[in-house]
Amino acid sequence: MLARVTYNPFKGLKYNENQREKNLLSINRRAFLRPPKGFFGRKGHLTIGGKLFFLLTMAVGVASLNTAVNLLYMIFSMLLAVLITYWIIPQILVRKLELKRSLPGSIFAREEFQGEITINNKKKFFSTISLLVGEQSPFLPQVYALQIPAKGKIILQYRTSIAKRGIYQLKGFRVRCSFPFGWFCQQKEYPSPAALWVYPKPGKILIPVVPNNGKGLLAILSRGGRGDEFHALREFRVGDNPKWIHWKSSARTGKWMIREFEREYSERVSLVLYNYLLDTEEGLEKSISFCATLAKYLLEAGYYLKFSTFNQTLISLSLAPGSQEDFHLLLRTLTTLEPSPRPIDIKSLITTDTETILILPGKCLIDKGWEENIEQLRVIDVTQPEFNAIYSD
């Protein structure tokens with residue numbers, strides 16, 4: 001049978017199709033004989049102790065070949081058997097595992113939280129011993145599992161914190177094992193993608209936020225509602241009216257406790273966050289944390305909120321008191337908030353028919369005198385010294 005010869009326009013030369021089929025067959029045969037990735041420890045490595053033991057084994061092997069002493073041959077074979085055995089054991093231990101994570105529903109920056117990793121051992125006959133388990137992402141810690149019985153499971157707990165707000169992508173787990181003597185470190189990765197939301201760090205409102213020199217609606221914020229119906233007891237804050245102190249509860253708890261009353265109606269407050277910066281981002285992070293804290297403070301006090309800011313486009317949210325869904329929507333908006341690439345027209349964010357609190361993250365490009373014709377406005381600059389008397393993180 002004559003071989004058909006064709007021309008390859010990409011290489012500019014002739015080749016034989018029969019030879020091409022033989023080459024493909026040879027490549028497929030090599031791929032079939034090649035072990036799967038990670039089968040012989042492609043994800044593992046020798047530790048310092050393993051390298052020293054390997055050099056010792058090779059030295060004994062060379063000595064046995066040079067001297068032809070049977071005792072050295074026997075010692076060399078024993079060392080080689082131990083080396084191979086302790087190379088295979090970690091590879092078996094990291095296989096056939098099922099890992100799941102459990103994290104809190106709300107995680108805040110710089111606040112410690114507890115996470116859990118559940119490991120199921122799918123092996124029928126072998127226990128899994130001495131595992132170091134952790135996320136592939138570097139911002140979460142690793143935990144140690146001493147032993148997982150065959151067809152059993154174990155729950156590992158850890159406590160940690162994340163320094164900065166944002167959305168962190170979790171790729172999966174990384175399992176390491178160097179049992180029994182730490183000569184070989186074998187690792188295996190188990191994919192488990194997820195998104196971890198880290199909300200802005202909450203702080204504490206130290207004194208009532210009173211816009212418009214105390215004439216606005218927020219002036220009565222610290223003493224609860226205006227109605228006569230009892231709502232709850234809480235700890236005394238600076239600015240509260242002493243006549244609402246509940247003396248029996250204060251004597252029992254050892255702290256000043258004050259009575260709160262239900263509101264007859266709820267007021268509306270507009271909360272505006274200006275996020276165009278001229279300085280560092282530290283002021284923006286502080287203003288975002290203050291905004292989240294103040295929003296929670298106002299919602300718990302019974303106010304309806306309108307939140308406005310700029311993140312590529314104008315963002316406007318309406319928040320109802322007592323609605324956890326609305327508050328979590330605000331937290332997610334603040335989590336993804338970035339500095340504005342250009343100055344913002346503040347007048348487009350402020351409504352004149354409600355109390356307005358404008359939060360500034362520091363030195364901003366704002367025209368002087370723009371707020372003179374706007375009533376019921378309170379401007380809070382987080383970089384000013386008096387801000388420390390209002391808020392504490």
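Caption draft 1: Fine view of the overall build of the protein chain. In terms of helices and strands, the protein chain carries 6 helices and 20 strands. Of all intrachain contacts in the protein chain linking residues separated by at least 6 positions in sequence, the fraction that spans at least 24 positions is 66%.

Caption draft 2: Layout of the nonpolar core. Ranked by size, the top nonpolar core spans 35 residues in total, and within it L271, F290, L294, F307, L330, L334 and I359 carry the most contacts. Counting residues per element, the ones that place at least two in this core are strand 15 (268-273), helix 5 (282-300), strand 16 (304-311), strand 17 (313-319), helix 6 (324-335) and strand 18 (355-360). Of the residues forming this core, the biggest block, 10 residues, is contributed by helix 5. Apart from residues no more than four positions distant in its own chain, F290 is found in contact with I205, I359, I380, F387, I390 and Y391. Of all hydrophobic cores here, the second largest spans 26 residues; its members include A109, V133, L140 and V175.

Caption draft 3: Up close: the confidence of the model for the protein chain. Chain-level pLDDT for the protein chain is 77 on average; 73% of the residues reach the 70-or-more range. For the protein chain, the element scoring lowest by mean pLDDT is strand 1 (residues 5-8), at 42; strand 6 (residues 113-121) scores highest, at 93. Low pLDDT (under 50) marks residues 1-15, which in the prediction has 15 contacts with non-local residues, meaning those over four places away or in another chain. Low pLDDT, under 50, characterises residues 210-226; the stretch is placed with 49 contacts to residues that sit more than four places away or in other chains.

Caption draft 4: Summary view of the packing of aromatic side chains. Inspection of every chain in the model, using the stated rule, returns 10 aromatic pairs. Pairing Y86 with F181 gives two aromatic rings, centres 5.1 Å apart and planes at 75 degrees, and the pair type is edge-to-face. Placement of Y86 in helix 3 (residues 70-93) and of F181 in the loop between strand 10 (166-177) and strand 11 (184-199) is noted, with a sequence separation of 95 residues between them. Accessibility expressed as a relative area gives 21% for Y86, which makes it partly exposed.

Caption draft 5: Geometry of the environment of I205. Assignment of secondary structure puts I205 in strand 12 (residues 204-205). We classify I205 as buried; its relative accessible area is 6%. I205 sits 89 residues away from L294 along the chain, and the two C-alpha atoms are 7.0 Å apart.

Caption draft 6: Here's a closer look at the sheet that holds strand 6. The strand order across the open sheet formed by 3 strands is 4-6-9, and the pairing between neighbours is antiparallel. Every other strand in the sheet has two partners, leaving strand 4 (97-102) and strand 9 (153-160) as the edge strands with one partner each. Averaged over all neighbouring strand pairs, the angle between strand axes comes to 20 degrees, with direction disregarded. With 8 bridges joining them, strand 6 and strand 9 adopt antiparallel strand pairing. Paired with E116 across the strands is Q157, a residue of strand 9.

Caption draft 7: Looking closely at the packing of helix 2 (residues 48-67) against helix 3. At a minimum axis distance of 9 Å, the contact between helix 2 and helix 3 shows a crossing angle of 155 degrees. It follows that helix 2 is roughly antiparallel to helix 3 by the angle criterion. Between helix 2 and helix 3 the crossing geometry is left-handed. Seen from helix 2, the contacting residues are F53, F54, T57, M58, V60, G61, A63, S64, L65 and T67; seen from helix 3, they are L72, Y73, I75, F76, L79, L80, V82 and L83. Grouping the constituent residues of the contact of helix 2 with helix 3 by class yields 14 nonpolar, 4 polar and no charged.

Caption draft 8: Local environment of the side chain of T333. Mapped onto the elements of the fold, T333 is located in helix 6. Only 2.9 Å separates the side chain of T333 from the backbone oxygen of L329, close enough to count as a polar contact. With residues up to four places along the chain from it excluded, the contact list for T333 reads F307, I315 and L317.

So, how was this worked out
Residues numbered from 1 in each chain as written. Predicted model: local features only at pLDDT ≥ 70, side-chain atom pairs only at ≥ 80, totals over all residues. Heavy atoms only, no water. Helix = DSSP H or I, 4+ residues; strand = E, 2+ residues; numbered from the N terminus. Contact = heavy atoms within 4.5 Å. Core = buried A, V, L, I, M, F, W, Y, C linked by side-chain atoms within 4.5 Å. Buried < 20%, exposed > 50% of the residue type's maximum accessible area, 1.4 Å probe, protein only. pLDDT = per-residue confidence, 0-100. Phe/Tyr/Trp six-rings, centres within 6.5 Å; stacked < 30°, edge-to-face > 60°. Pairing = 2+ DSSP bridges. Axes fitted to C-alpha atoms, helices over the stretch in contact; angles between N-to-C directions. Parallel < 35°, antiparallel > 145°, perpendicular 65-115°, else oblique. Left-handed = near helix turned anticlockwise from the far one by under 90°. Nonpolar A, V, L, I, M, F, W, Y, C, P; charged D, E, K, R; others polar. Polar contact = N/O pair within 3.5 Å; in protein donor to acceptor, adjacent residues only side chain to side chain.

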